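# Analysis of the macromolecular model
Next come the chains, spelled out residue by residue.
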Amino acid sequence: VQLQASGGGFVQAGGSLRISCEVSGRTFSRGAMGWFRQAPGKEREFVAAIRGDANMKYYSDSVKGRFTLSRDNAKNTVYLQMNSLKPEDTAVYYCAARSIWHIYYYNPSNYDYWGQGTQVTVSS
């Protein structure tokens, strides 16, 4: 199983980026796909997750209303559309997956598979 994250980059505050996570080797249609981020000197934090068996989406308070998670089952890819970006959104963004939904979806320790991360930098 491989998760390949891509699409990060450099953007000015107020701008937008879309990052992608392509999954190969299996599908997680009954489980969870999540996005986490980690800034220098900080712990990895939850950003968003989608529950595959119910197509429900969850967001952290810090990104709610600005970020939108979506998935393309045909491409086995999840996307994170990030709008109204702020300098505090600067971090390495990681996608993650687990086979079965977990109620503590916001805890990175509950995910079994991780992508390599993609850097998002927002300038002020």
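Everything discussed here concerns the structure shown above.
Please read all numbers here as calculations on a predicted model, not as lab measurements.

Here the focus is the nonpolar core. Counting residues in each nonpolar core, the largest one holds 27 residues, and the members touching the most others are Met33, Trp35, Val47, Phe67, Leu80, Met82 and Tyr93. Residue assignment for this core shows that the elements contributing at least two residues are strand 1 (2-6), strand 3 (17-24), strand 4 (32-38), strand 5 (45-51), strand 7 (67-72), strand 8 (77-82), strand 9 (91-98) and strand 11 (118-123). Apart from residues lying up to four places away in sequence, phenylalanine 67 is in contact with Arg37, Val47, Tyr59, Leu80, Gln81, Met82, Asn83, Leu85, Asp89 and Tyr93. Ala32, Phe46, Tyr58 and Trp101 belong to the second-largest nonpolar core, a separate cluster that totals nine residues.

Taken together, the four bridges between strand 2 (residues 9-12) and strand 11 define a ladder with parallel strand orientation. Considered in strand 11, the bridge of phenylalanine 10 is made with threonine 121. The pairing of strand 9 with strand 11 spans three bridges and is antiparallel. Directly across from tyrosine 93, in strand 11, lies its bridge partner threonine 118.

A positive phi is found at asparagine 55, a non-glycine position, where the angle reads about 50 degrees. As for its placement among the helices and strands, asparagine 55 is situated in the loop between strand 5 and strand 6 (56-59). For serine 84, which is not glycine, the phi dihedral falls at a positive 50 degrees.

Turning our attention to a nonpolar patch on the surface. On the surface, a nonpolar cluster with roughly 330 Å² of combined accessible area is contributed by Ile103, Tyr104 and Tyr106. Looking at the element boundaries, isoleucine 103 is found in the loop between strand 9 and strand 10 (113-114). What makes isoleucine 103 exposed here is its relative accessible area of 59%.

Another aspect to go through is the state of the cysteines. Going through the model one piece at a time under the given rule, you end up with one disulfide. Across the disulfide, cysteine 21 is cross-linked to cysteine 95 (sulfur-sulfur distance 2.1 Å). Taking the torsion about the S-S bond as the criterion, the cysteine 21 to cysteine 95 disulfide, at about 65 degrees, is right-handed. Here cysteine 95 lies in strand 9 and cysteine 21 lies in strand 3, a separation of 74 residues in the sequence. Note on cysteine 21: relative accessible area 0%, which makes it buried. A relative accessible area of 0% places cysteine 95 in the buried class.

This part takes up the environment of leucine 17. For leucine 17, the location among the structural elements is in strand 3. Taking the C-alpha atoms as reference, leucine 17 lies 23 Å from glutamate 43; in sequence the two are 26 residues apart. Setting aside anything within four residues of it in sequence, one finds leucine 17 in contact with Gly7, Gly9, Val11, Leu80, Gln81, Met82, Leu85 and Val120.

The full count for this structure, using the stated rule, is five salt bridges. Here arginine 51 and aspartate 53 are joined by a salt bridge, their closest N and O atoms 2.7 Å apart. On the basis of relative accessibility, which here comes to 43%, the residue aspartate 53 falls in the partly exposed class. Members of the salt-bridge network, linked through shared partners, are Arg37, Glu45, Arg66 and Asp89.

Basis of the calculations
Residues numbered from 1 in each chain as written. Predicted model: local features only at pLDDT ≥ 70, side-chain atom pairs only at ≥ 80, totals over all residues. Heavy atoms only, no water. Core = buried A, V, L, I, M, F, W, Y, C linked by side-chain atoms within 4.5 Å. Buried < 20%, exposed > 50% of the residue type's maximum accessible area, 1.4 Å probe, protein only. Helix = DSSP H or I, 4+ residues; strand = E, 2+ residues; numbered from the N terminus. Contact = heavy atoms within 4.5 Å. Pairing = 2+ DSSP bridges. Patch = residues over 30% accessible without salt bridge, like charges linked within 9 Å, V, L, I, M, F, W, Y side chains within 5 Å. Areas by Shrake-Rupley, 256 points an atom, 1.4 Å probe, with all protein chains shown as cover. Salt bridge = Lys/Arg side-chain N within 4 Å of Asp/Glu carboxyl O. Disulfide = S-S within 2.5 Å.

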